[in-house]
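Secondary and tertiary structure notes
Here is how the chains run, residue by residue.
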Amino acid sequence: MAGIVERLVPDELWELFQRVVPEAPSRPQGGGRRRHGDREVLAAIVFVATSGCTWQQLPTSSFGPSGATAHRRFTEWTKARVWAKLHRLVLDELGSRGELDWSRCAIDSVNMRALKKGTWQVRILSTGASTTRRST
């Protein structure tokens, strides 16, 4: 189990992730199962994201947490904006080392909000008889 976790979440990534992940909520009632470690859950999430398997297909024997646990933590971390913070940290780290190639950068709707129903009026080059303005 340890080998696959370290392969999917190398030490360098793990160090960055620890800076953005929120503390585990306390359980004042006590009892219950032990909370799976964040590194194991992160490895499970990376596995699901990169392998194409579903949460239900996650091989528990390889990671420890079940697919339901990994999905629940994924949702928890998404609400806490962990992924955006981690993305920024990785970019800052690579940038400080001079390892970013901004000439290969692309911005899409994941990174920049797309306007619905095209509120901007722009001039489109004509391909036919009509030269009216169109919205995009």
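These notes cover the structure that comes with them. (Residues numbered from 1 in each chain as written. Predicted model: local features only at pLDDT ≥ 70, side-chain atom pairs only at ≥ 80, totals over all residues. Heavy atoms only, no water.)

**Thoughts on helix 2 (residues 11–20)**
- Within helix 2, the full set of buried residues consists of W14, L16, F17 and V20. Projected onto a plane normal to the axis of helix 2, the buried residues spread over an arc of 165° and lie on a single side. Opposite its buried face, helix 2 presents the exposed residues E15 and R19, each directed more than 90 degrees away.
- Those residues of helix 2 hidden inside the fold are in contact with helix 3 (38–51), helix 5 (67–79) and helix 6 (82–96). (Buried < 20%, exposed > 50% of the residue type's maximum accessible area, 1.4 Å probe, protein only. Helix = DSSP H or I, 4+ residues; strand = E, 2+ residues; numbered from the N terminus. Arc of directions from axis to C-beta. Contact = heavy atoms within 4.5 Å.)

**A look at the packing of helix 2 against helix 3**
- At a minimum axis separation of 11 Å, helix 2 and helix 3 run at an interaxial angle of 110°. Judged on the interaxial angle alone, helix 3 and helix 2 are roughly perpendicular. Relative to helix 3, the crossing made by helix 2 is right-handed. Contact residues: helix 2 offers D11, W14 and F17, while helix 3 offers D38, R39 and L42.
- Here the contact of helix 2 with helix 3 is composed, by residue class, of three nonpolar, no polar and three charged. (Axes fitted to C-alpha atoms, helices over the stretch in contact; angles between N-to-C directions. Parallel < 35°, antiparallel > 145°, perpendicular 65-115°, else oblique. Left-handed = near helix turned anticlockwise from the far one by under 90°. Nonpolar A, V, L, I, M, F, W, Y, C, P; charged D, E, K, R; others polar.)

**Considering the environment of L89**
- For L89, the position within the fold is in helix 6.
- According to the relative accessible area criterion, L89 is buried, its value standing at 15%.
- Other than its neighbours up to four places away in sequence, L89 contacts L16, R19 and V20.

**Side note on the nonpolar core**
- Core analysis: the largest hydrophobic core is formed by 23 residues, its most contacted members being F17 and W77.
- Of all the secondary-structure elements, those providing two or more residues to this core are helix 1 (2–8), helix 2, helix 3, helix 5 and helix 6.
- Apart from the residues within four sequence positions on either side, F17 is in contact with D38, L42, W77, V82, W83 and L86. (Core = buried A, V, L, I, M, F, W, Y, C linked by side-chain atoms within 4.5 Å.)

**Structural notes on the packing of aromatic side chains**
- Taken as a whole and judged by the stated rule, the model has seven aromatic pairs.
- Seen from their ring centres, W55 and F74 are 5.7 Å apart, and the 45° between their planes marks the pair as tilted. With a gap of 19 residues between them, W55 in the loop between helix 3 and helix 4 (60–63) and F74 in helix 5 connect regions that are remote in the sequence.
- With relative accessibility at 30%, the residue F74 sits in the partly exposed group.
- Here a set of aromatic residues connected by ring pairs shows up, and it is made of W14, F17, W55, F74, W77 and W83. (Phe/Tyr/Trp six-rings, centres within 6.5 Å; stacked < 30°, edge-to-face > 60°.)

**Some thoughts on the environment of E93**
- Assignment of secondary structure puts E93 in helix 6.
- With 77 residues separating them in the primary sequence, E93 and L16 have C-alpha atoms 9.1 Å apart.

**Examining the side chain of R73**
- Along the polypeptide, R73 turns up in helix 5.
- When residues no more than four places from it in sequence are discounted, the contact partners of R73 are R35, H36, G37, D38 and V41.

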